[in-house]
Amino acid sequence: MPFFECSVSLACRAGVVAFLMLLGGSNAVLSQQSAPQQYIVPPGEQLLLSRLPSGSEFGPYLYELRAHFFHLDADTDGKLTQRDIDLHTLMEAIQARTIALNSIMRLDLDGDGAVTEDEIRRTTRYDRRGQVALAASNSAGKKQAADAEEQIENYIRSVMALDTDKDGKVSFSEAGMYGEPSRRRAAGQGGLSALVRQAMTLATQPPYELTLVDYQAAGEALFRKIDSDNDFKISQQELTGYRRKPEPPDAAVRDAAAEAAKNRLAEQAEIARKKQEAVEAERSACAMPKASDKARVVLFSGYQTEALSSVTLGSQDVVVHAGRVVVEPGPEPLYIVISTYSATIWQISGATERIERIVLSSSRTGPKGANAQRLSLVGATGIAPERVVFFSRSDCLGYFYESPSSSSIQTVATVRNATGKEPEVVASKYSVSSFAVPSGKIETVRAQGQPLVIEKSQGTLKIVGNSSDVIVQAGPSRARDEMYRFFPGGVIDIDPKTVVASVPPAAYEVLPSQAGLVQLLSTGAVTQNRMEEYIVRQKIRFPPGLAGAHSVTFLIMKGTPYPDGDPAHSCVIMEETGERKGAACRSR
């Protein structure tokens, strides 16, 4: 072996030392022993170093190592082993074979699954037509044209060399061998399989498997070794200094990094566990029983019903509507799903024995609107509690009043996935009085849209024709007219004891919205002046839902306690102080 070749191996170095000792005596030996040997960075640390450019920060570097480890872990078992090397090697071979097949089979002009010499020549001349034409157009064209032809023929020979059975064509199986010698030489020297081999040199103890903790611990130890000013950021100066004179991380640093990696992985596992628990809790909160094989699934939805309920749900300060579900006769069991925006109590009647399950949902959860984490305000009468399903969240089912629409498509999909069946009937309307099941027929007290409202303070008015959708507001008190304008179904009297609900039901102390104003006026608890303001002379409770178009003005007379409840958007003026409470009052 030549001397210059021997000098690159540790074994040869011993022979060189012996040779020098023979030539130069003991001084040469002492000189060789006293010279410090530079630390040779192991392959695993070289891999970590390659992922540590100048400007790297500690946190992102660890995150990048985590992502890189998952990329190397071919079988996703949480550790790097020989199995990962084998799997990467297999996949790399398949990718190389695919590239080889694509390279050769693109030459198969007639699509018969084999490549002939003529096909190779025609395709190659087509690909290089520009090069040949350019060569023919200049002064040195003959030589360049000859060179181009020689290149084509060389390529043809290299492809036809794949024809191992000498039948004059390269078959599909033979094409997969294209470039095989070079692929074999490159096997294990590049790609993910080589990176796994490199990373596994960091595992110094049996069974020589590398975990994510090991990988990140080695990376952290290297980072801290290079980060000489301990600012958790690698500068160009620090990186250059380490590359000029690399040193292994101290044992204490390695141990501390390993402990930190264990703790970090435990924290990440705990976070992942809590997230998964939250996902499972949300899925459980929105769970719906599967429908039986014979059951027909029907889905109804809307914004609100046309009537108010005499019973509230959970609070005296919420507006609860009421609607009817009429079950038509028939043999099949019914799986009914109803979703609305407004809090609603459904009165179920008819052939209720057909109901296998009824799922009820609303977006309203309390006086202030909707909170996805809270129960929907919804209930029913005329049905056994064990057949009613309430969600633990209010966002499990969306409501809609147009079908098809984006909202209806999503809600139908939710019902389909949960029940295991496509809803046979989907019916919706903005404001409804009742649903008929399973036909999907919808009844309303009036046609969709607002009625014609005629305001009249004096004189006479004659209405000719159907006046069912006309409201005449006359005189100082319009509370009853406005009640029927907003809630044409009026107030449905319900016994709280008969209600199956998501939250405790109770009779209203004061009915909601304009119905509550009518109630207060009828009992004399309030009066009304000609400006349509409500005069309060005794302790009352504000009717819930006096917001937006429902808002009014209250005058709290001197010596009268401030009412209970929430005035919402209504204006409240205190006679004793002139103070204005609630929403902004109209300017004087």
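As the structure is a computational prediction, the values presented were derived from the model and not from experiment. (Residues numbered from 1 in each chain as written. Predicted model: local features only at pLDDT ≥ 70, side-chain atom pairs only at ≥ 80, totals over all residues. Heavy atoms only, no water.)

Regarding the overall build of the protein chain
- Helix and strand content of the protein chain: 18 helices and 26 strands.
- In the protein chain, buried positions account for 39% of the 588 residues.
- The long-range share in the protein chain, meaning contacts at least 24 apart out of those at least 6 apart in sequence, stands at 58%.
- Element-wise, carbon and sulfur atoms account for 54% of the exposed surface of the protein chain, whose accessible area totals about 31,900 Å². (Helix = DSSP H or I, 4+ residues; strand = E, 2+ residues; numbered from the N terminus. Buried < 20%, exposed > 50% of the residue type's maximum accessible area, 1.4 Å probe, protein only. Contact = heavy atoms within 4.5 Å. Areas by Shrake-Rupley, 256 points an atom, 1.4 Å probe, with all protein chains shown as cover.)

Let's talk about the side chain of Thr352
- Position of Thr352 among the secondary structure elements: in the loop between strand S10 (343-350) and strand S11 (355-362).
- Note on Thr352: relative accessible area 18%, which makes it buried.
- Not counting the four nearest positions on each side in its chain, Thr352 is found in contact with Val327, Gly382 and Arg387.

Topic: the state of the cysteines
- Counting across every chain of the model gives one disulfide.
- There is a disulfide in this structure between Cys286 and Cys396, and the S-S distance comes to 1.9 Å. Disulfide Cys286 to Cys396: torsion about the S-S bond roughly -75 degrees, handedness left-handed. Residue Cys286 is located in the loop between helix H15 (251-285) and strand S5 (296-305), and its partner Cys396 is located in the loop between strand S13 (388-390) and helix H16 (406-419); the two are separated by 110 residues in the primary sequence. (Disulfide = S-S within 2.5 Å.)

Things to note about unusual backbone geometry
- Geometrically, the link from Pro206 to Pro207 is a cis peptide bond, its omega value of 10 degrees lying close to zero.
- Examined against the element boundaries, Pro207 turns out to sit in the loop between helix H12 (191-200) and strand S4 (210-211).
- The omega angle of the peptide bond from Val437 to Pro438 is 5 degrees, so this bond is cis rather than trans.
- In this structure, Pro438 sits in the loop between strand S15 (434-437) and strand S16 (442-443).
- A positive phi is found at Ser513, a non-glycine position, where the angle reads about 50 degrees.
- Mapping Ser513 onto the fold places it in helix H18 (residues 513-523).

Examining the sheet that holds strand S24 (residues 553-556)
- Within the open sheet, the five strands sit side by side as S22-S23-S24-S25-S26. Their pairing is mixed. Either end of the sheet is taken by a strand with one partner, and the two such strands are strand S22 (526-528) and strand S26 (580-582). If you compare each strand with its neighbour and ignore which way they point, the axes differ by 30 degrees on average.
- Of the pairings in the sheet, the one linking strand S25 (residues 571-574) to S26 comprises three bridges and is antiparallel in character. Note on S26: the bridge partner recorded for Cys571 is Gly582.
- Strand contacts of H18: S22, strand S23 (534-536) and S24, with the helix running at about 100 degrees to S22, the strand carrying the most contacts. (Pairing = 2+ DSSP bridges. Axes fitted to C-alpha atoms, helices over the stretch in contact; angles between N-to-C directions.)

Here we look at a nonpolar patch on the surface
- Together, Leu90, Met91 and Ile94 make up an exposed nonpolar region whose accessible area comes to about 250 Å².
- With respect to the helices and strands, the residue Leu90 is situated in helix H6 (residues 82-105).
- By relative accessible area, which is 47% here, Leu90 ends up partly exposed. (Patch = residues over 30% accessible without salt bridge, like charges linked within 9 Å, V, L, I, M, F, W, Y side chains within 5 Å. Salt bridge = Lys/Arg side-chain N within 4 Å of Asp/Glu carboxyl O.)

A word on H18
- Along H18, the residues classified as buried are Ser513, Gln514, Ala515, Gly516, Leu517, Val518 and Leu520.
- In this structure, the buried residues of H18 make contact with strand S6 (307-309), helix H17 (479-486), strand S19 (491-492), S22, S23 and S24.

Here we look at the packing of helix H13 (residues 212-226) against helix H14 (residues 236-244)
- Axis separation between H13 and H14 bottoms out at 9 Å; the angle between their running directions is 105 degrees. Here H14 runs roughly perpendicular to H13, going by the angle between their axes. For the pair H13 and H14, the contacting residues are Leu222, Lys225 and Ile226 in the first and Glu238, Leu239 and Tyr242 in the second.
- When its residues are assigned to classes, the contact of H13 with H14 shows four nonpolar, no polar and two charged. (Parallel < 35°, antiparallel > 145°, perpendicular 65-115°, else oblique. Nonpolar A, V, L, I, M, F, W, Y, C, P; charged D, E, K, R; others polar.)

Keep in mind that these numbers describe shape and distance, not what the molecule does.
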